[in-house]
Amino acid sequence: MLDHMCKRKEPSVEALIFPFSGNHMEKFYWGTGEILVPVYTTTQEAVAKHPGVSVFINFASFRSVFETSIEAMKYPSMKTLA
């Protein structure tokens, strides 16, 4: 992750949303160690479990990016959508 190269103490990614599988944890490398990032099936669940998150980065495909962006904008805590 770029965060580690920037000398951040902890990662800036709090969760991922992947609607095609059940909730689980995904392993990523952090420096010489590993971290677990939770993966949720819905935006609603991710926002409920991580209320301090204010940035939504959308990597959805061209076919679904509009729908997921509109959904993210419905949450008042989301201040930035990229």
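Preceding block: the structure.
Residues numbered from 1 in each chain as written. Predicted model: local features only at pLDDT ≥ 70, side-chain atom pairs only at ≥ 80, totals over all residues. Heavy atoms only, no water.

### Details of the side chain of T43
Within the secondary structure layout, T43 lies in helix α2 (residues 43-49). Here T43 falls in the buried class, since its relative accessible area comes to 6%. With residues up to four places along the chain from it excluded, the contact list for T43 reads I17, F56, E71 and Y75. (Helix = DSSP H or I, 4+ residues; strand = E, 2+ residues; numbered from the N terminus. Buried < 20%, exposed > 50% of the residue type's maximum accessible area, 1.4 Å probe, protein only. Contact = heavy atoms within 4.5 Å.)

### Digging into the pattern of salt bridges
Following the criterion strictly, the structure yields two salt bridges and no others. Between E34 and K27 there is a salt bridge; the shortest N-O distance is 3.8 Å. (Salt bridge = Lys/Arg side-chain N within 4 Å of Asp/Glu carboxyl O.)

### Overview of the pairing of strand β3 (residues 33-40)
The pairing of strand β1 (residues 16-17) with β3 spans two bridges and is parallel. The residue of β3 that forms the bridge with I17 is Y40. Taken together, the seven bridges between strand β2 (residues 24-30) and β3 define a ladder with antiparallel strand orientation. Note that in β3 the partner of M25 across the bridge is P38. (Pairing = 2+ DSSP bridges.)

### Some thoughts on the sheet that holds β3
Across the sheet, three strands lie side by side as β1-β3-β2; this open sheet has mixed pairing. Edge positions in the sheet fall to β1 and β2, since each has one partner strand and no second.

### Focus on a nonpolar patch on the surface
Residues F66, I70, M73 and L81 make up a contiguous nonpolar surface patch of about 410 Å² in total accessible area. In terms of residues, the nonpolar patch owes the most to one element, helix α3 (residues 65-73), which gives three residues. Structurally, M73 can be placed in helix α3. (Patch = residues over 30% accessible without salt bridge, like charges linked within 9 Å, V, L, I, M, F, W, Y side chains within 5 Å. Areas by Shrake-Rupley, 256 points an atom, 1.4 Å probe, with all protein chains shown as cover.)

### Details of the environment of E10
Secondary-structure assignment places E10 in the loop between α1 (2-5) and β1. Between the C-alpha atom of E10 and that of A46, which follows or precedes it by 36 residues, the distance is 19 Å. The residues contacting E10, other than those within four sequence positions of it, are D3 and W30.

### A few points about the environment of S12
Summarising the element assignment, S12 is placed in the loop between α1 and β1. Overall, S12 belongs to the partly exposed group, its relative accessible area being 43%.

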